[in-house]
Structures are given as C-alpha cells and as structure tokens.
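# A look at the structure
Below, each chain spelled out in residue letters.
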Amino acid sequence: MASAQSGTLYRGREGMWSWVAHRISGMLIFLFLLVHVLDTALVRVSPEAYNEVIGHYKSVVFGLGEIGLVAAVLFHALNGLRIILVDFWSQGTRHQRALFWGVVAVWALLMIGFVPRHLMHMFGG
Amino acid sequence: MTAQSTTQIPDPSTRYRRTGQRGINTEMLSWLFMRVSGVLLVILVFGHLFVNLWLGEGVKGIDFAFVAGKWASPFWQVWDLLMLWLGLIHGGNGVRTIINDYARGSTMRLVLKGLLYFAVVLTIVLGTLVVFTFDPCPVGADPSLLPSICEG
C-alpha cells in the first residue's frame, strides 16, 4: 500500500533510469547530428569558411562540450547493445540489471581512456 | 435484448494477443531497424570518433585539409554516407517515438512530426550532395589550406 512515506512514484531502478538516460542522450545526439552535418557542409563553400567554423570546436567551451557529447554517444551505444541483448538473448531480461552495471563499467573505462587524451589535445601536452 | 447478450466469449484456451496485428507491420519493422542500424552505428560512430578525436592531434587536427584527405578515399566517403543515412533515420525514428509519447493532441503531433521529417530529409539530402559533389582541391583556393594530394 502506498503511503506518504513511500510515495506513489514509479521506482523502476536500473531499468527505468537506463531508459530515461537513453532517451535524453538520444535526443541530444540527434540535435548535435543536425548541426554537425550543417557545419561539415561548409566544406562545399570554401576551405576558409569550414576552417573558421570548425575552429570553434577547438575552443575551451566546445572542448568540454565534446566530452559531454562523447559521454552521451558511448552510453547510448552501450545501452543500445544492452537493449538488443535483453530483446534477443534468452537470458537477457533475467540479467538486465547486471547488464546495466556492465554498461556503466565499460562506459567509465572508455571515458577514463578518452578524457585525458582529449584534454591533452585541447590544452597541449 | 441488447447487443451485449450476443457477444461471443472467446475460447478460454486462446492466447491473449497484445495487438491485433501479427507478423510483419511497420512498427515491427521500425523496431527491427533500430536494432540493426544501432549495431552498425556503434561500429561506424566508434570508428569516426577514434579517427577524428583520438588519433593524431585529435580535434585540433580537424580542418579542411583533414576532411579533404579523408574524402579523397572512397572508403571514408562510403563510411560517412552510411553514418549519415543510418544516423539520421535511426535518430529521426527515435524522436518520432518521443513525439508519439509526449505530444498531446493530433495537431501538435502533426506539426512536430512535419518539422522532424522536414529536418531529416533536408539534412540527408544536403549531406549526400556534399559527399558526392565534394572537391578536395577547389580551383583558386589557398594552397596552404589544401590536403597534400592537391600538390603538383
């Protein structure tokens, strides 16, 4: 029975939060993709126009934004593979919670690899 | 007597059907497409990020000469073209699902989906034209901004 203490909010734990994060990261990546095709299309205008606009990607703010973008892409990709396992692997639904923590672990490993390298590219090293 | 009295009670041994539609239908194909394109996109996007953000100088190394050097090869043209089409259709289909879930009212849905499809088609057409009509060595451009293959 729901009470004021426990509340009536759905608490789906790992399954729910991975779904929420999958939506948010997907929406973010889609919006970036639209912008990214537009900025890349500037190669048809002139080398100067492309270099001018892509130069912004090397600024501090964008450099930090790229870390967020890569974080979103990596999570969406790994969690997408988890969804495929849940759908097609006979043991997938049983292990969906463990699979989620597997996604988090691999994501963290890849980020630990990427972030220092990206920061060295950005700030020289 | 009302119509209700003539309602047939289904055989209790029939299995419950989640939807009336069985077999191949568009929502099932959309579900399948998300999984197939998803696997391909993991390979394509990871390769893209590795080459553009990890190797060499990373993001600092990206300029016209870098892109032109890549697209001089049909390998990267096909790679990026596949990524463009699959990414936008996969992403567009995902946003379609989000609109279906949250937009109330048929007018709102129609407007949002109209905008979405317009943006997806426009971006796919633009990107495809760019990949196919791209000239790595444009006439009259500053030679210092061009890839090494343009020399001579």
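Here is what the cut-offs are and how they apply
Residues numbered from 1 in each chain as written. Chains lettered and ligands numbered in written order. Predicted model: local features only at pLDDT ≥ 70, side-chain atom pairs only at ≥ 80, totals over all residues. Helix = DSSP H or I, 4+ residues; strand = E, 2+ residues; numbered from the N terminus. Rg over C-alpha atoms; globule rule 2.2 N^0.38 Å. Buried ≥ 20, exposed ≤ 12 C-beta atoms within 10 Å, placed from the backbone. Contact = placed C-beta atoms within 7 Å. Axes fitted to C-alpha atoms, helices over the stretch in contact; angles between N-to-C directions. Parallel < 35°, antiparallel > 145°, perpendicular 65-115°, else oblique. Nonpolar A, V, L, I, M, F, W, Y, C, P; charged D, E, K, R; others polar. UniProt positions renumbered as here; feature names shortened; annotations may be inferred.

## Re the overall build of chain A
- Regarding its fold elements, chain A presents four helices and zero strands.
- Compactness check: chain A gives a C-alpha radius of gyration of 19 Å against a globular reference of 14 Å for 125 residues, more than 25% above the reference.
- A total of 125 residues make up chain A; the buried ones form 22% of that total.

## Things to note about the overall build of chain B
- If you tally the helices and strands in chain B, you get four helices and zero strands.
- Its C-alpha radius of gyration of 24 Å places chain B more than 25% over the 15 Å reference for a compact globule of 152 residues.
- Projected onto the principal axes, the alpha-carbon positions of chain B cover approximately 95 × 35 × 25 Å.
- Relative to its full complement of 152 residues, chain B shows a buried share of 16%.
- Put simply, of all contacts in chain B between residues at least 6 apart along the chain, 71% involve residues at least 24 apart.

## A closer look at the packing of helix α3 (residues 74-102) of chain B against helix α4 (residues 106-133) of chain B
All names here are of chain B.
- Direction vectors running N to C along α3 and α4 enclose 175°, while the axes themselves pass 10 Å from each other. The angle between α3 and α4 falls in the class roughly antiparallel. Contacts from Q77, D80, L81, L84, W85, L88, G92, V95, R96 and I99 in α3 reach R109, L112, K113, L116, V120, T123, I124, G127, T128 and V131 in α4.
- When the residues that make up the contact of α3 with α4 are grouped by side-chain class, the tally is 11 nonpolar, five polar and four charged.

## Points about the interface of chain A and chain B
- At the junction of the two partners, chain A supplies 32 residues and chain B supplies 34 residues.
- Of all elements in the fold, only α1 (13-41), α2 (47-54), α3 (60-88) and α4 (96-123) of chain A reach the threshold of two or more residues within the side of chain A that touches chain B.
- Considering each element in turn, the side of chain A that touches chain B owes the most residues, 10 residues, to α1 of chain A.
- By residue class, the composition of the side of chain A that touches chain B is 17 nonpolar, eight polar and seven charged.

## Notes on the UniProt feature "transmembrane region" (unreviewed entry) in chain A
Residue and element names in this part refer to chain A.
- Here the UniProt feature "transmembrane region" (unreviewed entry) sits at residues 20-38, 59-78 and 98-115.
- Helix makes up 100% of residues 20-38 and strand 0%, and the two end C-alpha atoms of the span are 28 Å apart.
- Regarding residues 98-115, the helix share stands at 100% and the strand share at 0%, and the terminal C-alpha atoms are separated by 25 Å.

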